Amino acid sequence: KFKVNTDVNMPPGSYLQVFCDGSGTITGSEIHTSFSLSSGGEQLGFAYSDDLGLRTIDSVTFPASPSPGNSYARVPNGSSTWVQVTTPTPGASND
(Lines give C-alpha, C1' and ligand atoms only; values in the text may rest on other atoms or scores of the structure.)
Protein backbone atom coordinates (compact mmCIF):
# COMPACT_ATOMS: atom_id res chain seq x y z
CA LYS A 1 0.00 0.00 0.00
CA PHE A 2 2.85 2.42 0.69
CA LYS A 3 6.31 2.64 -0.83
CA VAL A 4 9.26 3.98 1.16
CA ASN A 5 12.09 5.58 -0.80
CA THR A 6 15.15 3.44 -1.41
CA ASP A 7 17.30 6.03 0.38
CA VAL A 8 15.80 5.02 3.76
CA ASN A 9 18.52 2.97 5.41
CA MET A 10 18.32 0.93 8.61
CA PRO A 11 21.72 -0.09 9.96
CA PRO A 12 21.84 -3.23 12.16
CA GLY A 13 20.50 -2.57 15.67
CA SER A 14 18.63 0.56 14.60
CA TYR A 15 14.93 1.38 14.87
CA LEU A 16 12.55 2.86 12.32
CA GLN A 17 9.35 4.50 13.47
CA VAL A 18 6.56 4.52 10.89
CA PHE A 19 3.32 6.39 11.54
CA CYS A 20 0.33 4.64 9.94
CA ASP A 21 -1.88 7.70 10.06
CA GLY A 22 -3.08 8.19 6.50
CA SER A 23 -1.20 11.42 5.74
CA GLY A 24 1.25 9.85 3.24
CA THR A 25 4.24 12.10 3.87
CA ILE A 26 7.95 11.46 4.29
CA THR A 27 10.04 14.25 5.80
CA GLY A 28 13.62 13.23 6.50
CA SER A 29 13.40 10.10 8.64
CA GLU A 30 9.76 10.72 9.69
CA ILE A 31 7.57 8.39 7.65
CA HIS A 32 3.77 8.68 7.58
CA THR A 33 1.95 6.07 5.49
CA SER A 34 -0.97 6.83 3.18
CA PHE A 35 -3.10 4.34 5.13
CA SER A 36 -4.25 3.97 8.73
CA LEU A 37 -4.43 0.83 10.85
CA SER A 38 -7.71 -0.40 12.28
CA SER A 39 -8.10 -0.46 16.06
CA GLY A 40 -10.15 -3.60 15.40
CA GLY A 41 -6.99 -5.54 14.46
CA GLU A 42 -5.24 -6.00 11.16
CA GLN A 43 -2.21 -7.43 9.37
CA LEU A 44 0.87 -5.33 8.62
CA GLY A 45 3.84 -6.39 6.54
CA PHE A 46 7.17 -5.05 5.30
CA ALA A 47 8.37 -6.24 1.93
CA TYR A 48 10.70 -5.39 -0.93
CA SER A 49 10.77 -6.31 -4.58
CA ASP A 50 13.68 -7.70 -6.56
CA ASP A 51 14.18 -9.85 -9.66
CA LEU A 52 12.25 -12.67 -7.95
CA GLY A 53 9.20 -10.52 -7.20
CA LEU A 54 7.74 -9.26 -3.92
CA ARG A 55 9.54 -10.66 -0.87
CA THR A 56 8.27 -10.33 2.70
CA ILE A 57 10.80 -9.12 5.26
CA ASP A 58 8.45 -9.31 8.24
CA SER A 59 4.75 -9.28 9.03
CA VAL A 60 2.45 -9.32 12.02
CA THR A 61 -1.25 -9.78 12.59
CA PHE A 62 -2.26 -7.73 15.60
CA PRO A 63 -5.48 -8.00 17.62
CA ALA A 64 -7.96 -5.28 18.51
CA SER A 65 -6.54 -2.67 20.86
CA PRO A 66 -8.66 -2.22 23.99
CA SER A 67 -7.11 1.17 24.84
CA PRO A 68 -5.95 4.08 22.69
CA GLY A 69 -2.21 4.67 22.90
CA ASN A 70 -1.30 1.03 23.41
CA SER A 71 1.37 -0.46 21.19
CA TYR A 72 2.01 -3.93 19.84
CA ALA A 73 5.66 -4.92 20.24
CA ARG A 74 8.09 -7.82 20.26
CA VAL A 75 8.99 -8.55 23.86
CA PRO A 76 11.76 -9.22 24.48
CA ASN A 77 13.07 -7.03 21.69
CA GLY A 78 13.76 -8.95 18.47
CA SER A 79 11.96 -12.11 19.59
CA SER A 80 9.09 -13.77 17.73
CA THR A 81 6.67 -13.02 20.60
CA TRP A 82 4.32 -10.07 20.03
CA VAL A 83 2.44 -8.53 22.98
CA GLN A 84 0.33 -5.46 23.60
CA VAL A 85 2.19 -2.93 25.76
CA THR A 86 0.87 0.12 27.59
CA THR A 87 4.11 2.09 27.29
CA PRO A 88 5.30 2.41 23.67
CA THR A 89 9.07 2.65 23.15
CA PRO A 90 9.56 4.61 19.90
CA GLY A 91 13.21 4.65 18.83
CA ALA A 92 14.28 2.34 21.64
CA SER A 93 14.35 -1.31 22.64
CA ASN A 94 11.10 -2.99 23.77
CA ASP A 95 12.84 -4.61 26.76
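As a further point, take the overall build of the protein chain. Along the protein chain, the regular secondary structure elements total 0 helices and 7 strands. Beginning at the N terminus, the succession of helices and strands in the protein chain can be written as β-β-β-β-β-β-β. Dimensions of the protein chain, computed from C-alpha atoms along their principal axes, come out at roughly 40 × 30 × 25 Å. With 95 residues in all, the protein chain has 11% of them scored as buried. By sequence separation, contacts in the protein chain at least 24 residues apart represent 16% of the contacts at least 6 residues apart. Only carbon and sulfur atoms are counted for the fraction: they give 52% of the accessible area of the protein chain, which is about 6800 Å². Positive and negative side-chain charges of the protein chain, numbering 4 and 8 respectively, have mean locations separated by a distance of 7 Å.

In this model, the protein chain carries an average pLDDT of 85, and 98% of its residues clear a pLDDT of 70 or more. Ranking the elements of the protein chain by mean pLDDT puts strand E2 (residues 26–27) last, at 84, and strand E5 (residues 53–62) first, at 90.

A separate point is the pattern of salt bridges. Summed over the entire model, instances satisfying the criterion amount to 2 salt bridges. Across the pair Asp50 and Arg55 runs a salt bridge, and its minimum N-O distance is 3.3 Å. Owing to a relative accessible area of 32%, Arg55 belongs among the partly exposed residues under this scheme. We note a salt bridge from Arg74 to Asp58, for which the minimum N-O separation is 2.8 Å.

Attention now moves to the side chain of Thr33. Tracing the sequence through the fold places Thr33 in the loop between strand E3 (30–32) and strand E4 (42–50). What makes Thr33 buried here is its relative accessible area of 3%. Residues within four places of Thr33 in sequence aside, it is in contact with Phe2, Val18, Phe19, Cys20, Asp21, Gly22, Ser23 and Gly24.

What counts, and where the lines are drawn
Residues numbered from 1 in each chain as written. Predicted model: local features only at pLDDT ≥ 70, side-chain atom pairs only at ≥ 80, totals over all residues. Heavy atoms only, no water. Helix = DSSP H or I, 4+ residues; strand = E, 2+ residues; numbered from the N terminus. Buried < 20%, exposed > 50% of the residue type's maximum accessible area, 1.4 Å probe, protein only. Contact = heavy atoms within 4.5 Å. Areas by Shrake-Rupley, 256 points an atom, 1.4 Å probe, with all protein chains shown as cover. Lys, Arg positive; Asp, Glu negative; His and termini not counted. Charge placed at Lys NZ, Arg CZ, Asp CG, Glu CD. pLDDT = per-residue confidence, 0-100. Salt bridge = Lys/Arg side-chain N within 4 Å of Asp/Glu carboxyl O.

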